[in-house]
Amino acid sequence: MAIQLEKELNDMQCKAASIINGPVLIIAGAGSGKTRMITFRIAHMLEQGIPQSAILALTFTNKAAREMEERVKELTGQKLGNLTVSTFHAFGVKVLRESIHHLHGYKENFTIYDQADKNSAVKEAARHAGLGGDNLDLYMVNNLIGEIKTGRKNWDSTNDIYKPIFDRYHSHLAAYNAVDFDDLIVMPQMLFQQKPEVLDGYRERYQYIMVDEFQDTSMMQYNLVKQLGETNRNVCVVGDDDQSIYSWRGANYQNIVNFEKDFSELTEIKLEQNYRSTKNILAAANKVIANNTNRKEKELWTGTSVGKSIEIFHPENEVDESEFIAELIHRFHYEEHVKFHDVGVLVRTNSLTATLEEAFLAANIPYKVSGGQSFFQRKEIKDIISYLKVISNPDDDVNLLRIINTPRRGIGNTTLMKMRELAEHQSCSIFSAMSLVARNADSSLKDSLRVHITEFIDLINGFREKFLSGKRMTGALRSLIDEIDYWGYLITDNSKNEKLARWKFGNVQKFIDFFEKWERNPDNIKPSIYDYLNKITLITSDDADEEEEGKINLMTIHASKGLEFQVVFLAGIEDHIVPHARAIEENPESIEEERRLFYVAITRAREKLFITSCQSRRVMRDVVETIPSRFLEEIPPELIVQHQEDQVLDTASALDQFAAMKSKFAAK
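**Points about the overall build of the chain**
Point 1. In terms of regular secondary structure, the chain is built from 29 helices and 18 strands.
Point 2. The C-alpha atoms of the chain give a radius of gyration of 28 Å, which matches the 26 Å a tight globule of 668 residues would have.
Point 3. Each of the three principal axes of the chain carries a C-alpha extent, and together these read 95 × 60 × 55 Å.
Point 4. Looking at the chain as a whole, 54% of its 668 residues are labelled buried.
Point 5. Restricting the contact set of the chain to residue pairs at least 6 apart, pairs at least 24 apart contribute 78%.
Point 6. Looking at the chain as shown, the accessible area adds up to about 30,900 Å², and 48% of this sits on carbon and sulfur atoms.
Point 7. Positive and negative charge centroids in the chain, built from 81 and 99 side chains respectively, lie 4 Å apart.

Here you go:
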């Protein structure tokens with residue numbers, strides 16, 4: 001059935017979906033239906049005869065990529081096996097799996113280091129550089145490595161003491177056929193620069209490129225898009241400079257300006273009709289963001305009702321604030337039948353959640369805190385994944401060291417140190433060094449120790465053969481877990497808490513179920529262990545668990561990006577928190593990003609928006625007086641009503657109270 005864009009989309013959405021040739025810049029305001037537009041645009045491209053394999057759609061989360069692909073499948077009724085809808089990092093994996101052999105020393109079965117793997121490798125590099133020890137700021141060094149690698153920082157006198165760690169770390173990655181997350185963006189560009197013929201091949205393949213959430217791209221990610229699209233010039237980017245809130249992780253909203261320069265013949269389209277929020281909520285958002293100067297002019301509008309006024313409450317302290325929010329949620333749920341999962345409670349930093357959690361527990365309100373530990377980061381799951389990584393790439397020293405004595409197998413630290421020294425002397429991996437020792441009857445190792453090493457080598461090699469066959473891999477996984485007696489290890493390791501051991505083993509069983517479901521998925525035409533390890537390594541915490549129905553969403557404003565809720569509470573909207581004092585101190589110009597963050601928070605609300613700003617707040621052991629956020633003054637007073645205990649004040653009284661509160665703390 002033909003897709004009728006004019007019937008399905010509004011005028012601006014239709015225009016954006018119809019133009020498929022040449023560069024296109026789509027400025028999509030909050031709640032403007034951009035995902036729907038993108039979906040119809042891809043479907044329209046397919047209907048116009050563009051092959052699936054010629055389209056590359058890039059976004060930032062696995063969840064967004066899945067949703068986009070599923071919607072296109074529903075629209076077209078096609079399986080779309082050759083359509084590439086991917087995160088930037090997953091696309092980097094795809095390029096490197098196909099072409100990394102063009103870079104000296106790398107093979108296609110490389111391992112992707114997650115944060116824990118990277119931490120281990122950086123610690124080891126620091127030890128070799130003589131900079132290890134308890135005083136090493138691992139978080140800072142990790143950030144510095146990423147910033148240098150991605151071009152956000154250069155070596156200078158303030159940081160060059162860490163250059164030996166940087167160099168040793170990258171020697172380690174190359175020696176053990178491993179890459180980290182930054183490499184997934186950096187190395188494809190390095191490959192394209194060194195091998196223009198490889199770049200030409202990808203340009204020939206991907207003649208139409210789309211990028212969602214373009215304002216969140218880093219300079220490196222933009223350069224990758226530019227490399228791929230520079231010749232064909234069929235590049236469509238969709239973003240909103242007013243929602244650029246990730247500069248701290250490298251996002252650069254100036255990429256919109258860069259795109260305008262590099263693709264100067266572009267067509268620009270603005271999506272300003274909002275389908276999410278009421279008129280009052282939108283009016284507040286528009287007035288707040290209009291105070292920023294570095295932005296594209298736009299005015300969101302909606303055909304929905306005026307809606308409720310924005311309600312502001314000034315509780316005495318954070319305990320009163322939390323109880324107020326809990327009481328209102330309780331009332332909405334039981335009197336107005338608002339579902340718990342339709343409520344979002346947003347804060348600027350994670351440090352503000354503890355008192356709210358305490359209030360929710362006391363009121364028997366179920367909740368979830370976003371950004372918790374991923375299922376795939378739990379120790380028991382990491383152990384099994386590490387086995388699979390070593391089976392797929394025995395030269396992966398980081399994961400080998402994790403599993404060599406998990407469960408314990410009699411290979412002690414002294415032996416491991418000897419194996420590491422031999423590996424360094426022979427310029428090989430620890431696994432290769434162990435293989436040399438196991439075959440050498442003249443080595444100084446005790447026979448019993450050689451037996452333990454040989455058994456481990458045989459275990460890895462035996463299961464490597466099973467997994468690389470690509471057949472009955474779930475059965476091989478169950479056999480592996482049985483053979484290493486992981487259940488016995490959990491019982492021993494949690495001898496005082498068998499219930500915890502059972503819970504952990506239940507997670508292992510769940511992991512097996514996930515693996516089996518993936519292996520049996522008919523879309524996996526030729527499943528391999530490498531594909532699965534790529535998939536789970538790229539999973540982020542927002543993808544690890546499906547949405548939990550029936551729970552309040554307690555999260556940071558950053559984590560709420562892209563979400564919407566019937567009722568939203570913004571807690572802790574006080575100066576020094578929103579805008580964040582440290583961000584302003586480090587860079588006064590960041591006030592505009594802090595305002596964009598507040599704008600994002602406001603536009604998460606569909607029907608009701610509540611804002612709380614305490615009169616005092618406990619900070620560490622001290623109680624400090626606070627003042628309302630300066631951003632609250634930017635909301636027109638006619639859009640606001642203010643709570644005084646259980647009473648709602650009229651507009652005039654609200655203005656008087658707000659002014660009195662500002663005056664009270666003006667001398668602070």
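**Examining the confidence of the model for the chain**
Point 1. Of the residues in the chain, 93% have a pLDDT of 70 or more, and the chain-wide mean is 90.
Point 2. Below a pLDDT of 50 lies the segment residues 540–547, which in the model reaches 16 contacts outside its immediate sequence neighbourhood of four places, other chains included.

**Considerations on the nonpolar core**
Point 1. By size, the foremost hydrophobic cluster in this structure holds 62 residues, and its most contacted members are Ile 329, Val 345, Phe 360, Phe 569, Leu 570, Phe 598 and Ile 611.
Point 2. The element contributing the most residues to this core is helix H28 (residues 591–602), with seven residues.
Point 3. If we ignore the near neighbours within four places in the chain, the residues touching Leu 570 are Leu 346, Phe 598, Ala 601, Ile 602, Leu 609, Phe 610, Ile 611 and Thr 612.
Point 4. In this structure, Phe 88, Leu 103, Val 179 and Leu 191 belong to the second largest nonpolar core, which totals 58 residues.

**Considerations on the pattern of salt bridges**
Point 1. Applying the stated criterion across every chain, the model contains 47 salt bridges.
Point 2. Here Asp 395 and Lys 107 are joined by a salt bridge, their closest N and O atoms 4.0 Å apart. Linking Asp 395 in the loop between helix H16 (379–392) and helix H17 (397–403) with Lys 107 in the loop between helix H5 (88–99) and strand E4 (111–112), this pair joins segments that are 288 residues apart in sequence.
Point 3. Where Lys 561 meets Glu 213, a salt bridge forms, and the shortest distance between an N and an O atom there is 3.0 Å.

**Some thoughts on helix H14 (residues 318–335)**
Point 1. The end-to-end C-alpha distance of H14, which contains 18 residues, comes to 25 Å, matching closely the 26 Å that a straight helix rising 1.5 Å per residue would cover.
Point 2. Of the positions making up H14, those classed as buried are Glu 318, Glu 321, Ser 322, Phe 324, Ile 325, Ala 326, Leu 328, Ile 329 and Phe 332.
Point 3. The residue sitting at the N-terminus of H14 and contributing the capping side-chain oxygen is Asn 317; that oxygen lies 3.0 Å from the backbone nitrogen of Val 319.
Point 4. His 337, located one to two residues past H14, shows a positive phi value of around 60°.

Parameters at a glance
Residues numbered from 1 in each chain as written. Predicted model: local features only at pLDDT ≥ 70, side-chain atom pairs only at ≥ 80, totals over all residues. Heavy atoms only, no water. Helix = DSSP H or I, 4+ residues; strand = E, 2+ residues; numbered from the N terminus. Rg over C-alpha atoms; globule rule 2.2 N^0.38 Å. Buried < 20%, exposed > 50% of the residue type's maximum accessible area, 1.4 Å probe, protein only. Contact = heavy atoms within 4.5 Å. Areas by Shrake-Rupley, 256 points an atom, 1.4 Å probe, with all protein chains shown as cover. Lys, Arg positive; Asp, Glu negative; His and termini not counted. Charge placed at Lys NZ, Arg CZ, Asp CG, Glu CD. pLDDT = per-residue confidence, 0-100. Core = buried A, V, L, I, M, F, W, Y, C linked by side-chain atoms within 4.5 Å. Salt bridge = Lys/Arg side-chain N within 4 Å of Asp/Glu carboxyl O. Expected span 1.5 Å × (residues − 1). Polar contact = N/O pair within 3.5 Å; in protein donor to acceptor, adjacent residues only side chain to side chain.

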